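# Survey of secondary and tertiary structure
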Amino acid sequence: MAKAYTQLSRTVRETGLLSRTPLFYAAVGTALTLGFAACIAGFLLLGDSWFQLLIAAALGVLFTQVAFLAHEAAHRQILTSGPANLRLARVLGGVVGMSYSWWDSKHTRHHGNPNRVGKDPDIEVDTISFLDEDAARSRGLVRAITRRQGWLFFPLLTLEGLNLHALSVRHLLSRGRIAGRGQELALLAVRFAVVLVPVFVLLPLGMAFAFVGVQLAVFGVYMGASFAPNHKGMPVIAADARLDFFTKQVRTSRNISGGWWATWLMGGLNYQIEHHLFPNMPRPHLSRARAIVREHCRANDVPYTETTLVRSYAIVIQYLNRVGLAARDPFDCPISAEYRRG
């Protein structure tokens, strides 16, 4: 399959799908800037009103869209030079409230070995278990959650925004060398001050906490709902398995159908297969690459998975519930319990 990927890569490059699209990203940046300006204006005009929660929800959406741009900058999709993309990704990560260095290390390992046991950090246990062995080792409250984790997945995502902020801060305050630590700490400090101070100064205390809670909940759910369909429920690769790059990336990834609206909603993550094959491909070119990649997979007998957004969520829930079965006590069965007493 190494030769197959070389041929595919040559076709994609010759078609011009790896070239930068500055006008597109300038338009997205302008739209987001106007969105934030509208939220600020709305916040100041509404004053002491529970309609402020609508502004909070809108901010949750906007911060997620900025996170998509940070992801694309980190993959060198936006600007022409690597260092410029890195600087942009770090700034955009600060706007979102995330550490670029923490995320980049984690995401780089994921791209290198998607869904591979012991190597992909995205399937490591973090309240939710993605592997049977992790579910079986869960204890206490986590075990109770794991048993029903499929149904609890989306409710738990309301806490994911807070979790991402906490992980970023903990990473930057940890020991060891971290590139850009000072810059990222400064960016996070400014970001949280700009977001939190006006809220707690201008709104009643209860409303201020509700505002922050809604913003974090929308951000967490939107982020999780955009990233979860991409790999969860797809084949998990054993730690010692041997797979070539092309097969590994395609078999473990899932596309979401829908075209332009799904691309805007998910920041291009709906074309997960193409993104994993060509991480530095700009968002506007992914749809054109899809036709080329699908044909290439068909010619080389490699399964190409694509489904609707709703169906992908059903698959994720079913998968997590199946994994959660490993956390159930084998003696929950009445017959087994009778034998145990005997």
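Residues numbered from 1 in each chain as written. Predicted model: local features only at pLDDT ≥ 70, side-chain atom pairs only at ≥ 80, totals over all residues. Heavy atoms only, no water.

Helix and strand counts for the chain come out as 17 helices and two strands. Counting across all 342 residues of the chain, residues that qualify as buried make up 47%. In the chain, of all internal contacts separated by at least 6 residues, the share reaching a separation of at least 24 is 71%. In the structure as shown, the chain presents an accessible area of about 16,700 Å², 65% of it carried by carbon and sulfur atoms. Across the chain, the 36 positively charged side chains and the 22 negatively charged ones have centroids separated by 4 Å. (Helix = DSSP H or I, 4+ residues; strand = E, 2+ residues; numbered from the N terminus. Buried < 20%, exposed > 50% of the residue type's maximum accessible area, 1.4 Å probe, protein only. Contact = heavy atoms within 4.5 Å. Areas by Shrake-Rupley, 256 points an atom, 1.4 Å probe, with all protein chains shown as cover. Lys, Arg positive; Asp, Glu negative; His and termini not counted. Charge placed at Lys NZ, Arg CZ, Asp CG, Glu CD.)

Here we take up the UniProt feature "domain: Fatty acid desaturase" (unreviewed entry) in the chain. With numbering matched to this structure, UniProt assigns "domain: Fatty acid desaturase" (unreviewed entry) to residues 49–307. In residues 49–307, the share of helix is 64% and the share of strand is 2%. The end C-alpha atoms are 41 Å apart. (UniProt positions renumbered as here; feature names shortened; annotations may be inferred.)

Every buried residue of helix α8 (residues 149–157) is accounted for by Gln-149, Gly-150, Phe-153 and Leu-157. When α8 is viewed along its axis, its buried side chains cluster within an angular range of 85° and face the same direction. Residues of α8 that are buried sit in contact with α7 (140–147), α9 (160–172), α11 (205–227) and α16 (309–324). (Arc of directions from axis to C-beta.)

Taken together, the side chains of Ile-40, Leu-44, Val-197, Val-201 and Leu-202 present a nonpolar region at the surface, about 500 Å² in accessible area. Looking at the nonpolar patch, the elements that each hand over two or more residues are α2 (22–46) and α10 (181–202). The biggest single contributor to the nonpolar patch is α10, with three residues. (Patch = residues over 30% accessible without salt bridge, like charges linked within 9 Å, V, L, I, M, F, W, Y side chains within 5 Å. Salt bridge = Lys/Arg side-chain N within 4 Å of Asp/Glu carboxyl O.)

Once that is clear, we can look at the side chain of His-71. Locating His-71 in the fold gives a position in helix α3 (residues 52–74). Relative accessible area serves as the criterion here: at 5%, His-71 is assigned to the buried category.

The next thing to look at is unusual backbone geometry. Glycine aside, a negative phi is what most residues show, and trans is what most peptide bonds show. Here Arg-76, not a glycine, exhibits a phi torsion of approximately 65°, which is positive. Even without glycine at this site, Asp-301 takes up a positive phi of about 55°. By the secondary structure assignment, Asp-301 is in the loop between α15 (286–299) and β2 (306–307). By relative accessible area, Asp-301 is classed as exposed at 66%.

Summed over all chains, the structure comprises seven salt bridges. Between Asp-134 and Arg-137 there is a salt bridge, with its nearest N and O atoms 2.6 Å apart. Linking Asp-134 with Arg-137, this pair stays in helix α6 (residues 132–137), spanning three residues, or about one helical turn. What makes Arg-137 exposed here is its relative accessible area of 54%.

Where α2 meets α3, the closest approach of the two axes is 10 Å, and the angle between their N-to-C directions is 160°. Classified by the interaxial angle, the pair formed by α2 and α3 is roughly antiparallel. When you trace α2 past α3, the crossing you get is left-handed. Every residue of α3 that contacts α2 at Tyr-25, Val-28, Leu-32, Gly-35, Phe-36, Cys-39, Gly-42, Phe-43 and Leu-46 is listed here: Gln-52, Ile-55, Ala-58, Leu-59, Leu-62, Phe-63, Gln-65, Val-66, Leu-69 and Glu-72. Class assignment of the residues belonging to the contact of α2 with α3 gives a composition of 14 nonpolar, four polar and one charged. (Axes fitted to C-alpha atoms, helices over the stretch in contact; angles between N-to-C directions. Parallel < 35°, antiparallel > 145°, perpendicular 65-115°, else oblique. Left-handed = near helix turned anticlockwise from the far one by under 90°. Nonpolar A, V, L, I, M, F, W, Y, C, P; charged D, E, K, R; others polar.)

Moving on to the environment of Gln-249. Structurally, the position occupied by Gln-249 is in helix α12 (residues 245–251). Gln-249 sits in the buried class, given a relative accessible area of 0%. With 138 residues separating them along the chain, Gln-249 and His-111 place their C-alpha atoms 8.3 Å apart.

Core analysis: the largest hydrophobic core is formed by 37 residues, its most contacted members being Leu-59, Leu-69, Met-98, Val-199, Leu-203 and Phe-211. For this core, the secondary structure elements donating two or more residues are α2, α3, α4 (82–96), α5 (100–112), α9, α10 and α11. Among the elements that line this core, the one with the most residues is α3, at eleven residues. With residues near it in sequence (within four places) discarded, Val-199 still touches Phe-43, Ala-208, Phe-211 and Val-212. Within the second largest apolar cluster, 18 residues are counted, among which are Tyr-5, Leu-18, Phe-278 and Met-281. (Core = buried A, V, L, I, M, F, W, Y, C linked by side-chain atoms within 4.5 Å.)

Here we take up the packing of aromatic side chains. As enumerated under the stated definition, the model contains ten aromatic pairs in all. Arranged with centres 5.0 Å apart and planes meeting at 65°, the rings of Tyr-5 and Phe-245 form a pair that is edge-to-face. Of this pair, Tyr-5 sits in helix α1 (residues 2–14) while Phe-245 sits in helix α12; the two residues are 240 residues apart in sequence, bridging distant segments of the chain. For the ring pair Tyr-5 and Phe-278, a centre distance of 5.8 Å and an interplane angle of 25° mean the geometry is stacked. Residue Tyr-5 is located in helix α1, and its partner Phe-278 is located in the loop between α14 (272–277) and α15; the two are separated by 273 residues in the primary sequence. Geometry around Phe-63 places Arg-191 over its ring, the cationic atom sitting 4.4 Å from the centre. Directly above the aromatic system of Phe-130 lies the positively charged group of Lys-232, at a separation of 4.9 Å from the ring centroid. (Phe/Tyr/Trp six-rings, centres within 6.5 Å; stacked < 30°, edge-to-face > 60°. Lys NZ or Arg CZ within 6 Å of the ring centre and 35° of its normal.)

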